[in-house]
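Chain residues, written in single-letter form:
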Amino acid sequence: MKRKMLALVLTTTMIMTAFVGCGKKAETNNSKQVDTSAQEESAEAGKEETTEQVGEEKSIVTEPTTLTYVFADGDEGAKEAMNEIVNRFNNTYKDVTVKIMPGNGGAYSELLKTLDSVGEFPDVMEMRDTAAYIRAGKLEPLSSEITALFKTTTEFENAVYTAPLAGENTQGIIYNKAYFDENGFTEPTTYAEFIELCQKIKEKGDMSPLVVGGQDIWHMGFWFNKAYNDQVISQDPDFITNSYAGTKDFTDATVKATFEEMKEIMQYAQDGWTSTPDAQITTFLVNKMSAMMFSGTHMFSQIEAADSEFEYGWFPVPSPDGKTRLVGGAGVGGLAISAEAAQDPNKKAAAEEFIKFFFQSENYKVYCEKLSAIPVTVEEPTIDVSDVFKEVIEATNTADDLCSMWNGQVGNKELPPDFRNFMYKTVIEVLQGQRDLDSACEELNKTWKTCMESFNPLDGTGIQ
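In short, a report on the structure.

Basis of the calculations
Residues numbered from 1 in each chain as written. Predicted model: local features only at pLDDT ≥ 70, side-chain atom pairs only at ≥ 80, totals over all residues. Heavy atoms only, no water. Helix = DSSP H or I, 4+ residues; strand = E, 2+ residues; numbered from the N terminus. Buried < 20%, exposed > 50% of the residue type's maximum accessible area, 1.4 Å probe, protein only. Areas by Shrake-Rupley, 256 points an atom, 1.4 Å probe, with all protein chains shown as cover. Expected span 1.5 Å × (residues − 1). Arc of directions from axis to C-beta. Contact = heavy atoms within 4.5 Å. Salt bridge = Lys/Arg side-chain N within 4 Å of Asp/Glu carboxyl O. 1 Å grid on protein atoms, 1.4 Å probe; cavity = no way out; pocket = protein on both sides within 12 Å on 5 of 7 lines; lining within 4 Å. Points joined across faces, edges and corners; volume = space filled by probe spheres on them. Axes fitted to C-alpha atoms, helices over the stretch in contact; angles between N-to-C directions. Parallel < 35°, antiparallel > 145°, perpendicular 65-115°, else oblique. Pairing = 2+ DSSP bridges. Core = buried A, V, L, I, M, F, W, Y, C linked by side-chain atoms within 4.5 Å.

Regarding the overall build of the protein
And step 1. Summing up its helical and strand segments, the protein has 19 helices and 15 strands in all.
And step 2. Residue burial in the protein is summarised as follows: out of 464 residues, 52% are buried.
And step 3. Looking at the protein as shown, the accessible area adds up to about 20,700 Å², and 45% of this sits on carbon and sulfur atoms.

Notes on helix H17 (residues 387–398)
Along an α-helix, residues three or four apart share an orientation, since each turn contains 3.6 residues.
And step 1. When the terminal C-alpha atoms of H17 are compared, their 17 Å separation across 12 residues agrees well with the 16 Å that a helix rising 1.5 Å per residue should span.
And step 2. Within the sequence span of H17, burial applies to Val388, Phe389, Val392, Ile393, Ala395 and Thr396. Considered in projection along H17, the buried side chains sweep an arc of 160° and stay on one side of the axis. Exposed residues lying more than 90 degrees from the buried face of H17 are Asp387 and Thr398.
And step 3. Here the buried face of H17 lies against helix H13 (299–306), strand E12 (312–315), strand E13 (325–327) and strand E15 (401–403).

Points about the pattern of salt bridges
And step 1. Going through the model one piece at a time under the given rule, you end up with 25 salt bridges.
And step 2. The salt bridge partner of Arg88 is Glu84, with a shortest N-O separation of 2.8 Å. Of the two residues, Arg88 and Glu84 both sit in helix H3 (residues 76–92), 4 residues apart, roughly one turn of that helix.
And step 3. Notably, a salt bridge pairs Lys348 with Glu140, separated by 3.5 Å at the nearest N-O pair.

With respect to empty space enclosed by the protein
Empty space among the atoms can be located by rolling a probe the size of a water molecule over them.
And step 1. The computed volume of the largest cavity comes to approximately 90 Å³.
And step 2. Looking at the largest cavity, the residues that line it are Gln171, Phe222, Asn225, Lys226, Asn229, Phe294, Val317, Arg325, Leu326 and Val327.
And step 3. Broken down by secondary-structure element, the contributors of at least two residues to the lining of the largest cavity are helix H9 (220–233) and E13.
And step 4. Here the lining of the largest cavity takes 4 residues from H9, the largest share from any one element.

Focus: the packing of H9 against helix H18 (residues 419–431)
And step 1. The interhelical angle for the contact between H9 and H18, taken along N-to-C directions, is 85°, at an axis separation of 10 Å. Taken together, H9 and H18 sit at an angle that is classed as roughly perpendicular. For the pair H9 and H18, the contacting residues are Met220, Gly221 and Phe224 in the first and Met423, Tyr424, Val427, Ile428 and Leu431 in the second.

Observations regarding the sheet that holds strand E10 (residues 208–211)
And step 1. Here 4 strands make up an open sheet; going across it, the order is E10-E11-E9-E12 and the pairing mixed. The open sheet is flanked by E10 and E12, the only strands paired with a single partner. The average angle at which neighbouring strand axes cross in this sheet is 25°, direction not considered.

With respect to the nonpolar core
And step 1. In this structure, Tyr69, Ile174, Phe358, Phe359 and Tyr367 are the most contacted members of the largest nonpolar core, which totals 58 residues.
And step 2. One finds Leu210, Phe224, Ile265 and Tyr424 within the second-largest nonpolar core, a separate group that totals 56 residues.

In structure tokens:
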């Protein structure tokens, strides 16, 4: 029954992190010889031995245990990091073997669905579409010992099911540093200074202040999410929940203020931004057609690949009220343990130990460096990354607020399917003058009510 429900939920919901040491430090060499001296002493004393020694680390299981593990392996850096950490774990623990199930670089969400449908759902996995799997009873809540490792975690119905692999993809302005230096432009520290900077570049006339990839509707989420956090979430963090309950709606003054902030910013985008795909915005930046882009840290590698000599900088855009609000911290995805595996005490113990091992600084460092990931553990690993990336990490550590994207929330803040895209289409229409603000908000309300007929987490519609 759960499997049927999972398939249904996934069909309707898919659109789309140092370590506190536990016990003694594990040996990381290739030897798995058992140290029996302590056992012999205990036996001579008539004590009952319940564990074996592996180097300095006690066995965590009562019999040899194998864990199946799957992750999104479409990225070569991810494959290298995951394999190295798994090898380290297997070389450390005598009686536990983590076996990686190949994903073959395909669509990861589909892979998990397929594995579940054929009765091969992994014991530990990188989890996406988290809410759907929780609702289907497929995941085990994580222990407080694990959740304490992280600066922030995401709860679902008062429990945490995922150990965040990295901070959310923090968005900010990536800019042409040489151009800034040549013209005496400096990084703004207030929202007003940012708008003033955009105006100066626009008046100079040699390139557009901003490049926006509006042809890809999801790209609009970057600027929308910033304005939405500035105007809506700063006033009502539970706006979506309240909209489900009927106590708020999209004619709210804060929603209109979101549109107004976007209108002020988007006047500085390049001509034809609605026909520019996201894949081309790097070209605009490195070819000196635009001075700045607003996107995530994933763009760093794309810029370096396009022009290894291009010098870029980064800064967060302050909110109009003077605060710095960033996408960051733990998202809903991460490492998870299957509920079925947790029924086996040995598998549960091994799975929990593997997750704790993964986030030990010397191991987590491998993952963060390979993927240019922002650490989310309380004890941050020392990672070798660029100075610009260090700025992003520092910004997330000092920001007034960190949160997931508005469409990345779970539980009572989860959006109905397709509402995100409708919002972005409406934003584009307003920005292009094709729709006035009042009628746009009214249309958003109508669409919201229609969406609620098939999905409402408050009353279980579309879930049970």
